[in-house]
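Here is what each chain is made of, one letter per residue.
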Amino acid sequence: MSEKPNLAASWRSDLPASIVVFFVALPLCLGIALASGAPAFSGLIAGIIGGIIVGALSGSQIGVSGPAAGLAAIVLTAISALGFQDFLVAVVIGGAIQILFGVLRAGVIGYYFPSSVIKGMLTGIGLIIILKQIPHFLGYDSDFEGDVAFWQIDGENTFTEIVNAFGNPSVGATTIAVIALAILLLWSNVLSKKGKIFTLIQGPLVAVAAGIVYYVVTQGDPTWGISDEHLVQVPVPGSFDDFLGQFTFPNFGAITNPAVWVTAFTIALVASLETLLCVEATDKLDPAQRVTPTNRELLAQGAGNMISGLIGGLPITQVIVRSSANIQSGGKTKVSAIVHGFFLLISVIAVPTLLNKIPLAVLAAVLLIVGYKLAKPATVAAIYRSGWKQFVPYIVTVVAIVFTDLLTGIGLGLVVAIIIILYKSYQNSHFLHMVDKEASDGHHEVKMTLAEEVTFFNKAAILRELDALPEGANLELNVTKTRYLDYDVVEILENFAGKARDRDIDITIISNRGTVKNPPSYMEFFDLAPAASAH
């Protein structure tokens, strides 16, 4: 049983994190809208709803939702075929279908993706962030922010865009990008250790402020200045009525159109899958090892999509880029996600002109740091040392995501993982046997016997049984018959150990190697720990 977050005590971490997430989310909301063929304001609506509404309803403490890059191609096709107002009807219906998924408890699907594939997804997204931000870093902005597909609409691809960027760099944009990157590295590696003020005021905020000052000072200079196409492009209403006029409402007369329903089911399925994958990934990144209730997440996402569609917003999912930026910036509770949504709302109403002085190159520097932390070489090395059964699906997922798109990469990684599991589990002897007896002193004596083959397919069942253990229980885990124990299952035991101590649960493992009570490391006990040289 994880501890409830102390919202009052965590605001010092959540407020600075929300500012960083705001600066990461702002250009992505606009870029994804443009890449989707939708009005730029529709992306901001989705970001605001994803932060405030979904953030409040979700059970995730560190996940951040907003418009999804993975849906851009689907949205572009749908808007072209239906028109924007008819498309909004599909978004509303898609949200209702997601709520139905949550009621039917379809969130369990997220547990059936192996750890190697989820970690491959994180690394792949990290690499994509790095590769996609290089052109923006150099001031070559021919591709929209948030477009993660390998092949671009103009016929270019991720790597040819980089080549073109190095051939046509902007001196001003590159200069402020380098300055911003230096500020971020100095802040995180040196100044953050010098005093509380440097943790309360985040490096990205200072970098953005420096970018605005640089733009104003060099404005009009043909060499060192930054042209408007290299800046954030927030719509600027001339009056409050103009602001209200940016909202678009669905044409419910199209609700009988079969194409609208096909689009709605497509949005619901893809958005739900992306959300569940991101939930699994963010839970692995969460330093507190909290577990997000997936069915509640589907309900929250569905409600968010219904509201977003009703007022002219794009479809919403939980987004790993924003969520990881939140975690890396020290976010502790859902307050950071909610506050970032209010920052988006207030800023587009009150200071859109100021936002339009932020160079995209500065935000590219922020995202490069996020991407590197997701795709650290040490992570690749650790997965490699965990064995080929982990590394092959991992590397297939990474490569496929970079050269195709998120869902294709996840799908290919999952196929490879299943093939490996089927190869290792051909005897098909997966079961979980438990005997629960109450001892004379009132403590529960629980005996759990694992099967001969235990794979990631058993994750949900084992998680459910472990979470159901009463406080103060004595768990006897018998693995004497187990010939193959998946890395994912051992990872579950490793993560459960901390919760077991909090709940006064003793764990005794009986194996062919002997009997051990509360082993300090389950990875080492089952010979799955990374080599000492990894540290």
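That block above? That's the structure.
The notes below deal with the structure included here. Note that the structure is predicted; figures quoted are calculated from it, not measured.

**Description of the environment of Met-448**
- Residue position: Met-448 is located in strand E4 (residues 444-450).
- Expressed as a C-alpha distance, the spacing of Met-448 and Ser-116, which sit 332 residues apart in the sequence, is 26 Å.

**Comments concerning the nonpolar core**
- Leu-26, Phe-87, Met-121 and Val-321 are the most contacted members of the largest nonpolar core, which has 95 residues in total.
- Other than its neighbours up to four places away in sequence, Leu-26 contacts Leu-44, Val-232, Val-234, Leu-344 and Leu-355.
- Core analysis: the next-biggest nonpolar cluster, separate from the first, contains 28 residues, Leu-475, Ile-492, Leu-493 and Phe-526 among them.

**Things to note about the pattern of salt bridges**
- One pass over the structure, following the stated rule, counts six salt bridges.
- Through salt bridges with shared partners, a single network forms among Lys-119, Lys-284 and Glu-491.

**Quick look at empty space enclosed by the protein**
- Scanning all chains against the criterion turns up three cavities of 30 Å³ or more.
- Computed from the structure, the largest cavity encloses a volume of approximately 360 Å³.
- Elements that contribute at least two residues to the lining of the largest cavity include exactly helix H1 (7-35), helix H5 (115-137), helix H11 (258-285), strand E2 (316-318) and helix H13 (320-328).
- Sort the elements by how many residues they give to the lining of the largest cavity and H5 lands first, with six residues.

**A closer look at the pairing of strand E9 (residues 514-517)**
- Sheet topology places strand E8 (residues 506-511) next to E9; four bridges connect them, and they run antiparallel. By the bridge assignment for E9, Thr-508 is matched with Lys-517.
- Counting the residues that bridge the hairpin from E8 to E9 gives two residues.

**Concerning the side chain of Asp-141**
- Tracing the backbone shows Asp-141 in the loop between H5 and helix H6 (158-167).
- Of the side chains bearing the opposite charge, Lys-132 lies closest to the buried Asp-141, which forms no salt bridge; the N-O distance is 13 Å.
- Here His-136 takes part through its side chain, which lies 3.1 Å from a polar atom of the side chain of Asp-141.
- Not counting chain neighbours up to four residues away, the residues in contact with Asp-141 comprise Pro-135, His-136, Glu-229, His-230 and Leu-360.

Calculation rules
Residues numbered from 1 in each chain as written. Predicted model: local features only at pLDDT ≥ 70, side-chain atom pairs only at ≥ 80, totals over all residues. Heavy atoms only, no water. Helix = DSSP H or I, 4+ residues; strand = E, 2+ residues; numbered from the N terminus. Core = buried A, V, L, I, M, F, W, Y, C linked by side-chain atoms within 4.5 Å. Buried < 20%, exposed > 50% of the residue type's maximum accessible area, 1.4 Å probe, protein only. Contact = heavy atoms within 4.5 Å. Salt bridge = Lys/Arg side-chain N within 4 Å of Asp/Glu carboxyl O. 1 Å grid on protein atoms, 1.4 Å probe; cavity = no way out; pocket = protein on both sides within 12 Å on 5 of 7 lines; lining within 4 Å. Points joined across faces, edges and corners; volume = space filled by probe spheres on them. Pairing = 2+ DSSP bridges. Lys, Arg positive; Asp, Glu negative; His and termini not counted. Polar contact = N/O pair within 3.5 Å; in protein donor to acceptor, adjacent residues only side chain to side chain.

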